[in-house]
Amino acid sequence: LTIVLPTTRKSSRHPTSDMSAAAAGEGDVGGGMPELRYFDCPGKGQAIRLACKLGGVSIRDVRLSRPDFEALRADGALPFGQLPVFDLPGDGGERLAQAGAILRRPLPRR
């Protein structure tokens, strides 16, 4: 079962966070490049990073600190309130959540 959620974008940054606009989910998703958001550690995100590398898929790797994660979760910007999150570019950009679902989703090579 793959869960695909529509991408929602916030128009302003969280007032108590110093995270970048990309981490907050603002603007274009990496200039047409898929974007992975996860903590700055291997964990569940590492399998996704390695699968993309081995599959020849270029991604934008956004690494979040704990305060950035808490701010995104408080804003409701994370599906299920958890990481990893994988945003696909395009008009109907998809937001994938949970490592298993992300790893099962076929991606175009670049």
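Our structure's up above, just so we're on the same page.
These remarks concern the structure in this document. (Residues numbered from 1 in each chain as written. Predicted model: local features only at pLDDT ≥ 70, side-chain atom pairs only at ≥ 80, totals over all residues. Heavy atoms only, no water.)

Counting ten residues, the largest nonpolar core is built from Tyr 38, Phe 39, Val 62, Leu 64, Phe 69, Leu 72, Ala 77, Leu 78, Leu 83 and Val 85. Ignoring any residue separated from it by four or fewer positions in sequence, one finds Phe 39 in contact with Arg 49, Arg 63, Leu 64, Arg 66, Phe 69 and Leu 83. In this structure, Leu 36, Ile 48, Leu 88 and Leu 96 belong to the second largest nonpolar core, which totals nine residues. (Core = buried A, V, L, I, M, F, W, Y, C linked by side-chain atoms within 4.5 Å. Buried < 20%, exposed > 50% of the residue type's maximum accessible area, 1.4 Å probe, protein only. Contact = heavy atoms within 4.5 Å.)

Glancing now at the pattern of salt bridges. Applying the stated criterion across every chain yields a total of ten salt bridges. Salt-bridge contacts for Arg 63 lead to Asp 40; the nearest nitrogen and oxygen are separated by 3.3 Å. Residue Arg 63 is located in strand S3 (residues 60-64), and its partner Asp 40 is located in the loop between strand S2 (35-39) and helix H2 (43-55); the two are separated by 23 residues in the primary sequence. Residue Arg 66 pairs with Glu 70 through a salt bridge whose shortest N-O separation is 3.5 Å. (Salt bridge = Lys/Arg side-chain N within 4 Å of Asp/Glu carboxyl O. Helix = DSSP H or I, 4+ residues; strand = E, 2+ residues; numbered from the N terminus.)

Residue placement: Pro 84 occurs in the loop between helix H3 (66-75) and strand S4 (85-87). By relative accessible area, Pro 84 is classed as buried at 2%. Residues Pro 84 and Ala 99 lie 15 residues apart in sequence; the distance between their C-alpha atoms is 6.3 Å. Residues contacting Pro 84, with those up to four places away along its chain left out, are Leu 36, Arg 37, Tyr 38, Lys 44, Ile 48, Leu 96, Ala 97, Gln 98, Ala 99 and Ile 102.

Most peptide bonds are trans, and most residues other than glycine sit at a negative phi. Along the chain, Leu 83 connects to Pro 84 via a cis peptide bond; the corresponding omega equals 5 degrees. For Phe 80, which is not glycine, the phi dihedral falls at a positive 65 degrees. Following the sequence through the fold, Phe 80 ends up in the loop between H3 and S4. Backbone geometry places Gln 98, a non-glycine residue, at a positive phi of 75 degrees.

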